[in-house]
Amino acid sequence: MKEKRFLLSGGGTGGHIFPAISIAGEIKHRWPDARILFVGAKNRMEMIQVPAAGFDIIGLPITGLRRSLSVKNLILPIKLIYSLLRCFSILLKFKPSAVIGTGGFASAPVVIAAGLMRLPVFVQEQNSFAGLSNRLAGRFAKKVFVAFEGMDRQFPPQKVVVTGNPIRQEILKTNEIPSGIAERYRLNVQKPTLLVVGGSLGAAKINETIDRFTDSILPIANLIWVCGKLYYNRYRIKYTDNMEGFYLTDFIPDLYQLYPVADLVISRAGAGTLSELAVAQKACILIPSPNVAENHQYKNAMAFGNSGAAVVVTEDQLDSLPSVIDDLIKNPEKRKNLEKNLRQFARPDATKQIVDYIAKYLQT
């Protein structure tokens, strides 16, 4: 039987990387002897997270388009052409059975090159509004796997399949508290725990608000604050390393380990994060980022908020955040009601469904 080979590309943020890793994990489970290769952007977090997950990756010198005027935008076409040529070389050498793109600027040259070579291309779009890379990729795709209804307005309708977002299989074990987790994060087991996550790079407004109100949070809850790589050094200097009930870090790759001990989660409203919170059934306060295309995080958040599955606090309402935290921390029944309403958004089989479609195509 011909060896199966899969090339995956997606990166820049965890929202693109972790769905790709989840798909790769299911592929490896389905075909243990399959060869899997990732292509990402040099100096971005995929160059760390993908090897940490046990997969090989090649980095391209590609960067994203800066929204502000920048000289770096002038050399972007050169980087894109070079990356595209590099992708042709990688594809000719690796000879993948299928190419899977999950978005982010690194995936665009990969998918475009694969499409021009008439290789089987599949796209996974996490959000309610597709990014530019995936919109371009959709033209070459056999199938586009999406998490939201109505995406046939952005992709050819005959290609769209609603599967939900891939999630790490570890999320399904959120009732199992890892050994030593309380000691590792200095948790007072007599208190509920608040987990604050602002994305892999961090969220300035969320961090500033948590910093302002830490003194009012710590008397009522443990605080695990994942402030992001861009902001860690700023807050590391201010807070000591040995405070009971307080843990500050830049990034936690195995964040799922904290879901069993988290009573309340504060998060952005990226689609991948929401998919994990829904499956984990974690009561949450969503603070959507206003700095995204078509304000899609707000739309994501309101889908949950209008269904009673989350409390939504926009950035211009952040002064009210301490009272919202206080209310939910002190009212377990309110948290349970949020968790119950989250079930309608849970799609734990999304990754399996995606690989089922790919497997079906490869059999034809």
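Structure report, in brief. Quick caveat: nothing in here was measured; it's all calculated off a predicted structure.

## Examining the sheet that holds strand E2 (residues 35-41)
Then comes step 1: Strand order in this open sheet of seven strands is E3-E2-E1-E4-E5-E6-E7, and the pairing throughout is parallel. Strands with a single pairing partner mark the edges of an open sheet, and in this sheet they are strand E3 (56-60) and strand E7 (160-162). The sheet shows a mean angle of 20° between the axes of neighbouring strands, taken without regard to direction.
Then comes step 2: Sheet topology note: the E2/E3 ladder contains five bridges and is parallel. Among the inter-strand pairings, Phe 38 is bridged to a residue of E3, identified as Ile 57.
Then comes step 3: Here helix H1 (residues 14-30) sits on the sheet in contact with strand E1 (5-9), E2, strand E4 (98-101) and strand E5 (121-125), set at roughly 170° to E2.

## Overview of the pairing of strand E6 (residues 143-146)
Then comes step 1: Bridging between E5 and E6 involves four bridges; their strand directions are parallel. Bridging across to E6, Gln 124 finds its partner in Phe 145.
Then comes step 2: Regarding topology, helix H5 (residues 132-137) serves as the crossover connection from E5 to the parallel E6, and that connection is right-handed.
Then comes step 3: Where E6 and E7 come together, three bridges link them in parallel fashion. Among the inter-strand pairings, Val 146 is bridged to a residue of E7, identified as Val 162.

## What to know about the packing of helix H11 (residues 321-329) against helix H12 (residues 332-342)
Then comes step 1: Look at H11 against H12: their axes get within 6 Å of each other, and the N-to-C directions meet at 95°. Regarding the angle of H11 to H12, the classification is roughly perpendicular. Residues Asp 327, Leu 328 and Ile 329 of H11 lie in contact with H12, whose contacting residues are Pro 332, Lys 334, Arg 335 and Leu 338.
Then comes step 2: Per-class residue counts for the contact of H11 with H12 are four nonpolar, no polar and three charged.

## Describing the sheet that holds strand E10 (residues 246-249)
Then comes step 1: Pairing is parallel in the open sheet, where six strands are placed in the order E10-E9-E8-E11-E12-E13. Bordering the open sheet on either side are E10 and strand E13 (311-312), each of which pairs with just one other strand.
Then comes step 2: Relative to strand E12 (residues 284-286), strand E11 (residues 264-267) runs parallel, the two sharing three bridges. Note that in E12 the partner of Ile 266 across the bridge is Ile 285.
Then comes step 3: With respect to the sheet, H11 is in contact with strand E8 (193-197), E11, E12 and E13, its orientation differing from that of E11 by roughly 155°.

## Observations regarding the nonpolar core
Then comes step 1: The biggest cluster of nonpolar side chains holds 33 residues, and the ones touching the most others in it are Leu 195 and Leu 258.
Then comes step 2: Mapped onto this core, the elements with two or more residues apiece are helix H6 (181-184), E8, strand E9 (222-226), helix H9 (271-280), E12 and helix H10 (296-305).
Then comes step 3: Examining the composition of this core, we find that five residues originate from one element, H9, more than from any other.
Then comes step 4: Formed by 30 residues, the second largest nonpolar core is a distinct cluster that contains Trp 225, Ile 285, Val 313 and Leu 338.

## Some details on the packing of aromatic side chains
Then comes step 1: Tallying each qualifying case throughout the model produces eleven aromatic pairs.
Then comes step 2: Measuring from centroid to centroid gives 5.8 Å for Phe 145 and Tyr 357, while their planes differ by 50°, and the two rings are tilted. Taken together, the positions of Phe 145 in strand E6 and Tyr 357 in helix H13 (residues 350-363) put the pair 212 residues apart, joining distant regions of the chain.
Then comes step 3: A residue is classified by how much of its surface remains accessible, and Tyr 357, at 35% relative accessible area, is partly exposed.
Then comes step 4: For the pair Trp 225 and Tyr 239, a centre-to-centre distance of 5.8 Å together with 75° between the ring planes defines the contact as edge-to-face. On the criterion of sequence distance, the pair formed by Trp 225 in strand E9 and Tyr 239 in the loop between helix H8 (232-236) and E10 is long-range, its members being 14 residues apart. Just as Trp 225 is buried, Tyr 239 falls in that class too.

Conventions adopted
- Residues numbered from 1 in each chain as written.
- Predicted model: local features only at pLDDT ≥ 70, side-chain atom pairs only at ≥ 80, totals over all residues.
- Heavy atoms only, no water.
- Pairing = 2+ DSSP bridges.
- Helix = DSSP H or I, 4+ residues; strand = E, 2+ residues; numbered from the N terminus.
- Axes fitted to C-alpha atoms, helices over the stretch in contact; angles between N-to-C directions.
- Contact = heavy atoms within 4.5 Å.
- Right-handed = clockwise from strand over helix to strand, strands pointing away.
- Parallel < 35°, antiparallel > 145°, perpendicular 65-115°, else oblique.
- Nonpolar A, V, L, I, M, F, W, Y, C, P; charged D, E, K, R; others polar.
- Core = buried A, V, L, I, M, F, W, Y, C linked by side-chain atoms within 4.5 Å.
- Buried < 20%, exposed > 50% of the residue type's maximum accessible area, 1.4 Å probe, protein only.
- Phe/Tyr/Trp six-rings, centres within 6.5 Å; stacked < 30°, edge-to-face > 60°.

Honestly, that's just the spatial picture; any functional story needs more than this.
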